[in-house]
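Tertiary structure, described
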Amino acid sequence: MSTTKDFIVKQLKEQIADFKAKAKEQTVGRIVEVGDGIARIEGIADVMMSEMLEIVSAGSSEKAYGVALNLEEDRVGAIILGDSSRIKEGDEVRCLKRILQVPVGEGIIGRVVNPLGQPLDGKEEINAEKFYPVEKIAPGVITRQGVRQPVQTGIKVIDAIIPIGRGQRELIIGDRQIGKSAIAIDTIINQRGQNMKCIYVAIGQKESKVAGLVAKLEQAGAMDYTTVVLAGASDPASLLYIAPYAGCAMAEYFLDKGQDVLIVYDDLSKHAVAYREISLLLKRPPGREAYPGDVFYLHSRLLERACKLNPEHGGGSITALPIIETQAGDMSAYIPTNVISITDGQIYLMPELFYQGNRPAVDAGLSVSRVGSAAQIKAMKKVAGKMKLEAAQFRELAAFAQFGSDLDKETKAKLERGKRLSEIFKQGQYSPVPVANQVLVFFALINGLMDDVPVEKISEFEAGLYKYAANSGAKIIKEIAEKKDLTDKLEAEMKTLIMDYKGTVEYIIK
Amino acid sequence: MRITPKQFALSLYEAADGKSASQVKAIIAKFIEILVKNNALSMAEKIEKEFLKIWNERQGIVEAEIITAHGLGREIMKMLKDYLGHLTKAKEVVVHEKEDKNILGGVVIRYGDKILDGSLRSQLAELKEKLIK
């Protein structure tokens, strides 16, 4: 024991000898006004934009933190992060000489944290490797590369006709309660074993909903690679405002290590509302819908940080799935049009489809992916190529066919095919389908192998086909998943597999 | 637009700068009249504060507060004053002394919006942090 004691004493002596007392010069200011999570500060003349401020309340050792947002002629407007109830007029404010940072590292995986990187899941402190600034300039042209690898969402309609690539920004837009978050969650669940880190940023959501979601992710084993950044509905607007940037900073850590990250911003309309609140309290002039003038920049600088880097710069990627909630399907409101123009495509969810039972209620006509088939594996490209057209034609014909009863044979066939297609696109929540299975079922459809299956039996047929393929066609499924392409031989094998399966069911129309 | 206390104070300074005592008296009487006209008498206190700030700034006067645990000798005080004059390039340094047992030892100097913290308390806190690391 004596060695330890000596060692400690020796170390202590060395450390103290090393320690040089220095008078530190600090810039201080005083709070002249505080309220609604906003403080106005006098002094601190050399403060930087978005610099962190430390607020020390007189007569208490508790410290609060703020961020300088408005640098005016003789005062500074700052947002207060966290609880502002203890802050009084006259409290001392010190500049910390650094921009707002969040802890990043492997330690955040599987955790639920607030936008400052503090744990909210009741587990131990985050073991941070580094600190990253929340605001960062997006990667430049030289470092980027075209999007070419797919993100498999596991949702058939999306993977087939609106493919998402790694590094893409795909907006999910629709009314409330229509399955926007469900698409994002299913995508996260399907990333298991796909070499992806996921970050889910909940902005202004009910904490009960987020708790349910985390439980679901845990149950699906998705928390092994997922981080949840939560700024709840009861958190101040300042936290809601920095949440997506903090989430993105955490994603950038993995990007810098050359890994692929999927980040979901759920949702950016609440983020814009929080920013509007802050801006109005800081007395910035209001513009359209009372949003400040820089609300476009607010989202463009965030989404521009999604990228696919070229191999010389690590080859990592950040795929962003921002979510926007519309009011009564109004896509032409201010924030939705802004975000639509920033992103590389959108998935539009339609209330009518949802209530008809077509879930996920993806509108195949209004939804687009500007990256397109570059983000699909070859096998999927082959089977899904014609499907978008077919889906669009079906919708047109279905409206038209309601009038007349006498249709020619070709139109009838198209209608029947379309009915089966929209039946296949129906999919339950939390049940993503592996890409090889998707290829198999789409192959069956476009080759007319499902034309003799009754429409109401399609989902049963599909489920049975997956099961049958897992037992008797495991080799074929494995080959699709590994080679990612269809050869003539493989196509023939798939055909026999499907025909064999059809032999085992009795509801085929003769 | 409403006139801010700062603007009032600035105009008062500019009007009164370099005038004799009797002239200043007249200027102030006029100034009060203007305040009454603008319904701004209630700002008088703020205007006074701003005026002192502007006066100090224009005349090159720096007000500093020196906080010690047990008071300082005359000589050290003089050295600190000279140091501050050198640091801020001020013509004159006005020092307010204050005693605060809580800082344990050393000295804390405040001037403008800056703090020079050479107190024993903060150095001990720093040492503690370093040892924890």
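Residues numbered from 1 in each chain as written. Chains lettered and ligands numbered in written order. Predicted model: local features only at pLDDT ≥ 70, side-chain atom pairs only at ≥ 80, totals over all residues. Heavy atoms only, no water.

Once that is clear, we can look at the overall build of chain B. When helices and strands are tallied, chain B shows five helices and four strands. From first element to last, N terminus to C terminus, chain B shows the α and β order α-α-α-β-α-β-β-β-α. For chain B, the spread of C-alpha atoms along the three principal axes comes to 65 × 35 × 25 Å. Carbon and sulfur atoms form 57% of the exposed surface of chain B, whose accessible area is close to 9,400 Å². Separation of charge centres in chain B, based on 23 positive and 19 negative side chains, amounts to 3 Å. (Helix = DSSP H or I, 4+ residues; strand = E, 2+ residues; numbered from the N terminus. Areas by Shrake-Rupley, 256 points an atom, 1.4 Å probe, with all protein chains shown as cover. Lys, Arg positive; Asp, Glu negative; His and termini not counted. Charge placed at Lys NZ, Arg CZ, Asp CG, Glu CD.)

Right, let's talk about a nonpolar patch on the surface for a bit. All names here are of chain B. Together, Ile28, Ile32, Val36 and Leu41 line one region of the surface with nonpolar side chains, adding up to about 330 Å² of accessible area. With respect to the helices and strands, Val36 occurs in helix α2 (residues 21-37). The exposure class of Val36 is partly exposed, given its relative accessible area of 49%. (Patch = residues over 30% accessible without salt bridge, like charges linked within 9 Å, V, L, I, M, F, W, Y side chains within 5 Å. Salt bridge = Lys/Arg side-chain N within 4 Å of Asp/Glu carboxyl O. Buried < 20%, exposed > 50% of the residue type's maximum accessible area, 1.4 Å probe, protein only.)

Evaluated as defined, the whole model comprises zero disulfides over all chains. Here Cys248 of chain A is not cross-linked by a disulfide; its sulfur's nearest cysteine counterpart is in Cys307 of chain A, at 8.3 Å. (Disulfide = S-S within 2.5 Å.)

All names here are of chain A. As for its position among the elements, Glu479 is in helix α15 (residues 474-483). Classification of Glu479 by relative accessible area gives buried; the value is 16%. Those residues in contact with Glu479, other than ones at most four positions away along the chain, are Lys484, Leu490 and Glu493. (Contact = heavy atoms within 4.5 Å.)

With that settled, consider the packing of helix α11 (residues 387-401) of chain A against helix α12 (residues 409-425) of chain A. A pair of packed helices can be characterised by two numbers: the angle between their axes and the separation between those axes. All names here are of chain A. Axis separation between α11 and α12 bottoms out at 9 Å; the angle between their running directions is 115 degrees. When the axes of α11 and α12 are compared, the pair comes out roughly perpendicular. The crossing of α11 and α12 is left-handed. The residues of α12 that touch α11, namely those facing Met387, Glu390, Ala391, Gln393, Phe394, Leu397, Ala398 and Ala401, are Thr411, Lys414, Leu415, Arg417, Gly418, Lys419, Leu421 and Ser422. Partitioned by chemical class, the residues of the contact of α11 with α12 number eight nonpolar, four polar and four charged. (Axes fitted to C-alpha atoms, helices over the stretch in contact; angles between N-to-C directions. Parallel < 35°, antiparallel > 145°, perpendicular 65-115°, else oblique. Left-handed = near helix turned anticlockwise from the far one by under 90°. Nonpolar A, V, L, I, M, F, W, Y, C, P; charged D, E, K, R; others polar.)

What follows covers the interface of chain B and chain A. Contact residues are listed per partner, giving 15 residues for chain B and 22 residues for chain A. Interface area for chain B against chain A, summed over the two sides, is near 1,600 Å², with a carbon-plus-sulfur share of 51%. Sorting the residues of chain B by area buried against chain A places Asp113, Ile115 and Lys130 of chain B first, and these three jointly supply 32% of that buried surface. The interface formed by chain B and chain A holds two salt bridges in total. Among the salt bridges present, the one from Glu92 of chain A reaches Arg110 of chain B, with a minimum N-O distance of 2.5 Å. Where chain B touches chain A, the interface holds seven residue pairs in polar contact (both at pLDDT 80 or more). Secondary structure elements with two or more residues in the side of chain B that touches chain A: β3 (106-111), β4 (114-119) and α5 (120-132) of chain B. (Buried area = accessible area lost by both parts, 1.4 Å probe. Polar contact = N/O pair within 3.5 Å; in protein donor to acceptor, adjacent residues only side chain to side chain.)

Right, let's get into unusual backbone geometry. Among all residues save glycine, negative phi is the norm, and among peptide bonds the norm is trans. Residue and element names in this part refer to chain A. The omega angle of the peptide bond from Asp266 to Asp267 is -10 degrees, so this bond is cis rather than trans. Looking along the chain, the bond that leaves Arg359 and enters Pro360 is cis, with omega of -5 degrees. Its location among the elements puts Pro360 in the loop between α9 (351-356) and β19 (368-369). You will see that Gln177, though not glycine, has its phi angle at about 60 degrees, which is positive. Examined against the element boundaries, Gln177 turns out to sit in the loop between β12 (171-174) and α3 (180-189).

Size of an interface, as often reported, equals the accessible area lost when the parts are brought together. Looking at chain B, the domain boundaries give domain 1 (5-58) and domain 2 (61-132). On a C-alpha basis, the centroid separation for the pair domain 1 of chain B and domain 2 of chain B is 33 Å. (Domains from an automatic or database assignment.)

Residue and element names in this part refer to chain A. Tracing the chain through its elements places Arg166 in the loop between β11 (164-165) and β12. A polar atom in the side chain of Arg166 sits 3.1 Å from the backbone oxygen of Pro150. At 2.8 Å, the side chain of Arg166 and the side chain of Asp260 are in polar contact. The residues contacting Arg166, other than those within four sequence positions of it, are Val147, Gln149, Pro150, Val151, Gln191, Gln194, Asn195, Met196, Asp260, Lys308, Ser317 and Thr319.

Residue and element names in this part refer to chain B. Spanning 16 residues, helix α3 (residues 44-59) covers 22 Å between terminal C-alpha atoms, matching the ideal 22 Å at 1.5 Å per step. All of the buried residues along α3 are Ile47, Glu50, Ile54 and Asn56. The positive-phi residue at the C-terminal boundary of α3 is Gly60, with phi of around 70 degrees. (Expected span 1.5 Å × (residues − 1).)

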